[in-house]
Amino acid sequence: MQPPLPIGTVLQNRYRLAKILGQGGFGRTYLAEDQGRFRELCALKELIPPQTNAYPLEKTKELFQREAAILYQIQHPQIPQFRATFEQDGRLFLVQEYVEGKTYRSLLAERKNTGQKFSEGEILQLLDRLLPVLNYIHGKGIIHRDISPDNIILRERDNLPVLIDFGVVKELATRFQYPDKAPPATMVGKLGYAPSEQIQTGRAYASSDLYSLAVTSVVLLTGQEPQVLFDESTLSWNWYRWIPPIHPGLTLVLNRMLSYRPGDRYQDAREVARALNDALNYQSQASPPQVKTPPALTPNISQVETLAVGSRLPELKAEIRQNISAKETSSVKTPISADPSDPDSIPTPSSSLDNPWVVAFIGMSLAILAGVGSWTLVSYLLQRQAVLPNATTTQPLPRTEPTVVFPDTKEPLPINLEPPTPTISPEPVTYSKRLDIAENQPFSLSDKLKANATVNYTFAGKQGQKLTASLQEQGILMTILGPNEEPIDNRSNRVTRWEGELPFDGNYVVQLSTVRGVTESEYKLDLLLTNVQPTPTETPTPTETPTPTPTNESSTPSNLVIDTQPVDFPEGATGTQIFSGETSPESIKRFLVNVQSGQILSVRIQNGEATLDIRHPNGLLVDSGSGVGEWESTVDEDGEYQIDVKSTNKTNFSVDISVRN
């Protein structure tokens, strides 16, 4: 096995290694700075094939590129984007988006240190957010093969679970080791998390990923490892004995996902979502839910008589009280007994309440009275609850639905796993505040922001000053706007950190807004404005102007060769095209692409030591579109965009150009 590369190594003249994130028998992952994307962090995954019976190098590269191309098709916000592949010094690398956050393994360890585990509601939320991701990749014929708490990251910037480390690297390494025969068992997947068919035969299906997701769920619920929860003697899971009773609908769905035979499980993620939704709704109908109601909606029955609910109610109550009083009075008198010697003698009751018909009538009256009184009282109180306390206000308050709590749970459960029906959001609110930021002095402020609200912090800046803005947040993003009220560059739109020089004199705005779905969040904003001192230069000593010497015309820019190639995207169409060619200091390869306003243009150098210049239809350079290796943005005008591929050395290159809506 090749040793790790030294930290600080620069690969492809672009990726600077910062540290090693992890290493296994089949691969190694580095954290790197992408110098072609403003030193943005990325993950480099190095494939380490076993040394015995390895494929020939060309066959290895071919298989590696084919499998990587499949991963490159994945475009999902909860899956790190695969950006490129390359080979250097006999090593094979995948370039992937870096996700900042903690794995669920780390989160579980933190919970266990405080005697806690993941709650039932958190597991339902995890399933709700990961099932659509699995449905997406399974629809493309891709199986993850290695779902576990180690391979799910809770992303910091939006608190969404992100699926990482597809099993393709380990699978590729195994194929390299066994090129001429079927791979052996146990090639991909963690023991305990992967189902038997994956461990024993190497085959994996959509239901295999669902099995692993269920194991992950019960591990987070119980805090126990699969080896503890699985009974090998009976081939069954006994996870629920480690936790208090949970909703039977969730138990039912997880147990079927954990079935030993693949055919007994749900066959796709949509089926799981439907089953979970049906199970929860069925349980809520079979066992009438308890409804949390405000104290005002649970009146004391003794208070009924203080409210007139009908014209006959006071008379009925008076009659009942009179009958009850008569009964109590007669109960202390000596009853009149019949003469046993007189057969025609009939005992005279001491009270009319001794008559069973009277008692029955009174009982029915009481039942009717209680029902009518309770219904009328609750209706009256509901009407009063819906009116503002101010007597001069006649507009009713919005009514909120009571929270449903099922008898078998400790907390409210989500019922519907399908995308929620859009609700009417509160009216957008914008706050503005002027900041007085002194040069070279750190400035900090802390506050909170509610949903659908925006706060604009305005400050005066000068051209050439350097601004450093950092946001410590939970669900809030930041945009830096220039004096033209537009983002300064592509890096300043909805981010948590920005650093750069101010391009103009004028008023700048740091705009904060919540991420969709966040109701309220606290934040801390740190700003630093520094003056970039120009490098002092010596005043040149006056010298005699030399007589110009003739120059070779071949070295002038007029001799630069520009090879132009149109890129054929029909009007309004989308897609990706890959081109290759050669560029040098004397020649530029130029591509012309027709793009409509609102579409996304993406350009990326795949191979070769080349850079990009991208220009608007009017010939002006786009923002951050000069001397870069990759560029992507939504265009704001129709027309033919110009993409120049350049290099300071003669080099072969390949570039992919994509247009999407």
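Residues numbered from 1 in each chain as written. Predicted model: local features only at pLDDT ≥ 70, side-chain atom pairs only at ≥ 80, totals over all residues. Heavy atoms only, no water.

Enquirer: In this structure, what is going on with the packing of aromatic side chains? I would like to understand it.
Expert: Geometry of an aromatic ring pair is reported as the spacing of the ring centres plus the angle between the planes. Using the criterion set out here, one finds eight aromatic pairs in the structure. Between Tyr211 and Trp237, the aromatic rings sit 6.3 Å apart at their centres with planes inclined by 65°, giving edge-to-face as the arrangement. Placement of Tyr211 in helix H6 (residues 206-222) and of Trp237 in strand E11 (residues 236-237) is noted, with a sequence separation of 26 residues between them. Trp237 gets classed as buried once you look at its relative accessible area, which sits at 7%. A ring pair is formed by Trp239 and Tyr240, whose centres lie 5.3 Å apart and whose planes are at 70°; its orientation type is edge-to-face. Exposure remark for Trp239: the relative accessible area of 0% places this residue in the buried category. Owing to a relative accessible area of 39%, Tyr240 belongs among the partly exposed residues under this scheme. (Phe/Tyr/Trp six-rings, centres within 6.5 Å; stacked < 30°, edge-to-face > 60°. Helix = DSSP H or I, 4+ residues; strand = E, 2+ residues; numbered from the N terminus. Buried < 20%, exposed > 50% of the residue type's maximum accessible area, 1.4 Å probe, protein only.)

Enquirer: Help me understand the sheet that holds strand E8 (residues 152-155) in this model?
Expert: Here we have three strands laid out as an open sheet, ordered E7-E8-E9, and antiparallel in their pairing. With one partner strand each, in any of the chains shown, strand E7 (101-103) and strand E9 (161-163) form the two edges of the open sheet. Neighbour to neighbour, the strand axes of the sheet diverge by 35° on average, direction disregarded. One ladder, built from three bridges, connects E7 with E8; its direction is antiparallel. Bridge pairing in E8 links Gly101 to Arg155. Docked against the sheet, helix H2 (residues 104-113) engages E7, E8 and E9, running at close to 80° with respect to E7. (Pairing = 2+ DSSP bridges. Axes fitted to C-alpha atoms, helices over the stretch in contact; angles between N-to-C directions. Contact = heavy atoms within 4.5 Å.)

Enquirer: Can you help me understand unusual backbone geometry in this one?
Expert: The phi angle of most residues is negative, glycine excepted, and most peptide bonds adopt the trans form. If you check the backbone angles, Asn159 has positive phi at about 55° while not being a glycine. Relative to the helices and strands, Asn159 is located in the loop between E8 and E9. The phi dihedral of Asn440 falls on the positive side, at around 65°, and the residue is not glycine. Counting through the fold element by element, Asn440 comes out in the loop between strand E14 (429-434) and strand E15 (443-450). What makes Asn440 partly exposed here is its relative accessible area of 48%.

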